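# Commentary on secondary and tertiary structure
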Amino acid sequence: MWELLPLLLLTLAYFFWPKGKSPGAKYPNSLPALPLVGSLPFLPRHGHQHENFFKMQRKYGPIYSLHMGSKNTVIVGEHELAREVLVKKGKDFTGRPQLVTQSILSDNQKGIFFADHGAQWQLHRKLAQASFALFKDGNKRLDDIICQQIRLLSDFLATQDGQSVDLSLPIYLAMTNIMCFICFNITYKNGDPELKIIKNYNNGIMDTLRQNSMVDIFPILKVFPNKNLEKMRKCVKMRNEFLTEIIEKYKENFSSDCITTMLDVLIQAQMNSDNNNAEPGRDSKLLSDKHILITIGNIFAAGVETTTSMLQWIVAFLLHYPQLKRKIQEEIDQNVGFSRTPTLSDRNHLLLLEATIREVLRIRPASPLLLPHRAVVNSSIGGYAIDKGTDVIINMWALHQSEKEWDQPDKFMPERFLDPTGNQLISPSLSYLPFGAGPRTCVGEMLARRELFLFMAWLLQRFDLEVPDDGHMPALEGIPNVVFLIEPFKVKIKVRDAWREAQAEGSPQN
């Protein structure tokens, strides 16, 4: 039996040794790599991965490669190269690697975010975009949906006057209801059991994603007992059962004459496909109930987690910069006042608030490392050969922290997004891609920008957000995950005197 060991080792070395490159081609600089483990021994063991990748650019340049196990991965940390990947050659890099954790989440790459390139991804992305288009005009305008939830949040915070609260749960409830309304015309109240289910499975998925990197690097590990993977499967099962029940009940009352939600759009497309009324060449299997469930789950999770996190980041920075908060409130007082609530049209006048939101998206991007892309053909980046099947990671952190592109990039400076007079918003650098770009750009960017502006405008009009009496400031280091999370913190809520006086004189017009 022992004589078979050398053969086994040779076989493993063959499969896991970094594969040879095309002769004569120019490839990016590469970290050292060993059989089986790849470049892992040469990567920093501590610190945030996006920061470590950025630091390695000093030695290897703005584009370099490494081996995660046997898999070749290219790291891109410069905006011209990033735009080449995302936009100029976007079709070359629309693929997604098939990772163990993401396959569990997406039921083997269904849906949008973790789906590989191809007809299924294109179809479901197109349908998601069509769904958001439903809310541009009419009685279900997106702004009305958002403002209804902000009003409920504001009413709750008014009851907490003088108290220090963790905003994460009330903001999460508001974001969940916005996405529930967009997806299937449902809203929940605090304390509803459905809300607890959503919160539990989302938290469980986020926790396990952060702890399962090794099984994605070495997929063979999935055959061994893994508590985190089991927890992920349990949470995904909980999610699927919850959404399946909603979808089945929704179908009972579905009407083609009333298309008002994302689920309506998906069900209508499914019916058209089943009745052979779909576009030529469309495969009905791409619109199965499982496909619909995963797409709804994708949009729902992304719409809740990212915006909830970003709103908390904005509040945290305002607590660190109270003078900025007061200037924004002065801007709101002068341009909106207290006789009405802010609307999206006020974005043209609340320039400092908008600049602050943009600066937070720069200094703490929702996704410091974009979800990995995969080359679907032999291509190139910056003149360097990229073989088909290579994973490509855009280091958004590096783009937003480049000293060549940004003045004092580690400093929080909203004024960088304003002209010298402060009267006009500007784009100071092309190295700013908070929502990505190209074929894989964030499908919910329009929604997220609306939410961030309206939530902050309403809250700052009504409340002073202050450091709690214990003086505990929010930590700004963050918790890297699929979404860049922030450590839990509390903020002291105080109803503004000017708002209270306006309320006493007469309720503002909405």
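Residues numbered from 1 in each chain as written. Predicted model: local features only at pLDDT ≥ 70, side-chain atom pairs only at ≥ 80, totals over all residues. Heavy atoms only, no water.

### Here we look at the overall build of the chain
Rules: By the criteria applied, helices consist of DSSP H or I runs no shorter than four residues and strands consist of E runs no shorter than two, each listed in order from the N terminus. The contact criterion used is simple: two residues touch if any of their non-hydrogen atoms lie within 4.5 Å. Using a 1.4 Å probe, the Shrake-Rupley method yields the accessible areas, and only the shown protein chains count as cover for residues.
For the chain, the count of helices and strands is 17 helices and 10 strands. Dimensions of the chain, computed from the C-alpha atoms along their principal axes, are close to 90 × 60 × 40 Å. Taking the intrachain contacts of the chain between residues at least 6 apart in sequence as the baseline, contacts between residues at least 24 apart amount to 74%. On the chain, roughly 24,100 Å² of surface is accessible, and the fraction owed to carbon and sulfur atoms is 53%.

### Things to note about the pairing of strand β10 (residues 491–495)
Note the cut-off: Here's how the labels work: a residue is buried when its accessible area is under 20% of the maximum for its type, exposed when over 50%, partly exposed in between, all with a 1.4 Å probe on protein chains only. Strand pairing is assigned whenever DSSP identifies at least 2 bridges connecting the two strands.
Of all the five residues making up β10, four are buried; the element is thus mostly covered by neighbouring parts of the structure. Note: strand β4 (residues 164–165) against β10, two bridges, orientation antiparallel. Paired with Ser 164 across the two strands is Lys 492, which belongs to β10. Across four bridges, the pairing between strand β9 (residues 463–466) and β10 is antiparallel. Across the sheet, residue Phe 463 finds its bridge partner in β10, namely Val 495.

### Regarding the side chain of Arg 96
Counted only if it meets this: A residue counts as positive if it is Lys or Arg and as negative if it is Asp or Glu; His and the chain ends are not included. Any Lys or Arg side-chain nitrogen located within 4 Å of an Asp or Glu carboxyl oxygen qualifies as a salt bridge.
Note on placement: Arg 96 falls in the loop between α3 (79–88) and α4 (100–106). Buried and unpaired, Arg 96 has no salt bridge, with Asp 116 as the nearest side chain of opposite charge at 7.7 Å.

### A look at empty space enclosed by the protein
Counted only if it meets this: Cavity and pocket criteria rest on a 1 Å grid covering protein atoms alone: a 1.4 Å probe that fits but cannot get out defines a cavity, protein on both sides within 12 Å along at least 5 of 7 lines defines an open pocket, and an atom within 4 Å of a point defines a lining residue. Grid points are joined across faces, edges and corners, and a volume is the space filled by probe spheres set on the points. Each residue is assigned to one class: nonpolar for Ala, Val, Leu, Ile, Met, Phe, Trp, Tyr, Cys and Pro, charged for Asp, Glu, Lys and Arg, and polar for all the others, Gly among them.
Under the defined criterion, the tally for this structure stands at three cavities of 30 Å³ or more. Considering only enclosed or pocket space, the largest cavity measures out at about 940 Å³ in volume. Together, 47 residues line the largest cavity, and Phe 113, Ala 302, Thr 306, Leu 371 and Val 482 are the ones closest to its centre. Elements with a minimum of two residues in the lining of the largest cavity: α5 (119–133), α8 (193–210), α10 (227–252), α12 (289–320) and α16 (445–462). Counting residues per element, the lining of the largest cavity draws most heavily on α12, which supplies 11 residues. Residue composition of the lining of the largest cavity, grouped by class: 30 nonpolar, 11 polar and six charged. Put simply, the second largest cavity is a space of about 50 Å³. In terms of lining, the second largest cavity is formed by 10 residues, of which the most central are Tyr 27, Asn 72, Ala 385, Ile 386 and Thr 390. The set of elements that each furnish at least two residues to the lining of the second largest cavity consists of β3 (71–76) and β7 (384–386). When the residues that make up the lining of the second largest cavity are grouped by side-chain class, the tally is five nonpolar, three polar and two charged.

### Digging into the environment of Pro 193
Summarising the element assignment, Pro 193 is placed in helix α8. Sequence-wise, Pro 193 and Ser 65 are 128 residues apart; in three dimensions their C-alpha atoms are separated by 47 Å.

### Focus: the pattern of salt bridges
Evaluation of the coordinates by the stated rule reveals 20 salt bridges. With a shortest N-O distance of 2.9 Å, Glu 84 and Lys 89 are connected by a salt bridge. One exposure class covers both Glu 84 and Lys 89, and it is buried. Note that Lys 231 and Asp 207 form a salt bridge whose closest N and O atoms lie 3.9 Å from each other. Linking Lys 231 in helix α10 with Asp 207 in helix α8, this pair joins segments that are 24 residues apart in sequence. Residue Lys 231 is classed as partly exposed on the basis of its relative accessible area of 37%. Put simply, Arg 347, Glu 354 and Arg 358 are held in one network by salt bridges that share partners.

### Focus on the sheet that holds β10
The strands making up a sheet associate through backbone hydrogen bonding, with each pair oriented either parallel or antiparallel. Applied cut-off: The angle between two axes is taken between their N-to-C directions and runs from 0 to 180 degrees, where each axis is a line fitted to C-alpha atoms and a helix contributes only its stretch in contact.
A sheet is described by the order of its strands in space; here three strands give the open sequence β4-β10-β9, paired in antiparallel fashion. Two strands bound the open sheet, and with one partner strand each, they are β4 and β9. Sheet contacts for α16: β9 and β10; angle to β9, the most-contacted strand, approximately 95 degrees.

### Regarding the packing of aromatic side chains
What counts is decided by this rule: Centre distance within 6.5 Å is the pairing criterion for rings of Phe, Tyr and Trp, where only the six-membered ring of Trp is used; planes under 30 degrees apart are then read as stacked, over 60 as edge-to-face, and the remainder as tilted. In this scheme, the term charge over a ring applies when either NZ of a lysine or CZ of an arginine sits within 6 Å of the ring centre and within 35 degrees of the ring normal.
Counting across every chain of the model gives 12 aromatic pairs. Ring centres of Tyr 321 and Phe 412 lie 5.0 Å apart, and the angle between their planes is 40 degrees; on these two criteria the pair is classed as tilted. One end of the pair, Tyr 321, is in the loop between α12 and α13 (322–335); the other, Phe 412, is in the loop between α15 (396–400) and α16, with 91 residues separating them in the sequence. Through a chain of ring-to-ring contacts, the aromatic side chains of Trp 313, Phe 317, Tyr 321, Trp 397, Phe 412 and Phe 484 assemble into a single cluster. The ring of Phe 453 carries Arg 347 above its face, with NZ or CZ at 5.7 Å from the centroid.

### Re the confidence of the model for the chain
We apply this condition: pLDDT gives the predictor's per-residue confidence on a scale running from 0 to 100.
Summing up the model confidence of the chain, the mean pLDDT is 90 and the portion of residues at 70 or higher is 92%. For the stretch residues 1–17, pLDDT sits under 50, and the model shows seven contacts to residues farther than four places along the chain or on other chains.

### What to know about the packing of α12 against α13
What counts, and what does not: Oblique is the label for any angle not under 35 degrees, not over 145, and not in the 65 to 115 range, which are roughly parallel, roughly antiparallel and roughly perpendicular in turn.
It is the contact of α12 with α13, at a shortest axis distance of 5 Å, that shows an interaxial angle of 110 degrees. The angle between α12 and α13 falls in the class roughly perpendicular. Contacts between α12 and α13 pair Leu 318, Leu 319 and His 320 from the former with Pro 322, Leu 324, Lys 325 and Ile 328 from the latter. Of the residues contributing to the contact of α12 with α13, the split by class is five nonpolar, one polar and one charged.

### Observations regarding the environment of Leu 43
Within the secondary structure layout, Leu 43 lies in the loop between β1 (29–30) and α2 (49–60). Taking the relative accessible area as the measure of exposure, Leu 43 reaches 14% and is therefore buried. Measuring from C-alpha to C-alpha, the distance between Leu 43 and Phe 53 comes to 8.9 Å, with 10 residues separating the pair along the chain. With sequence-adjacent residues up to four places away left out, Leu 43 is seen in contact with Leu 31, Phe 53, Met 56, Leu 66 and Met 68.

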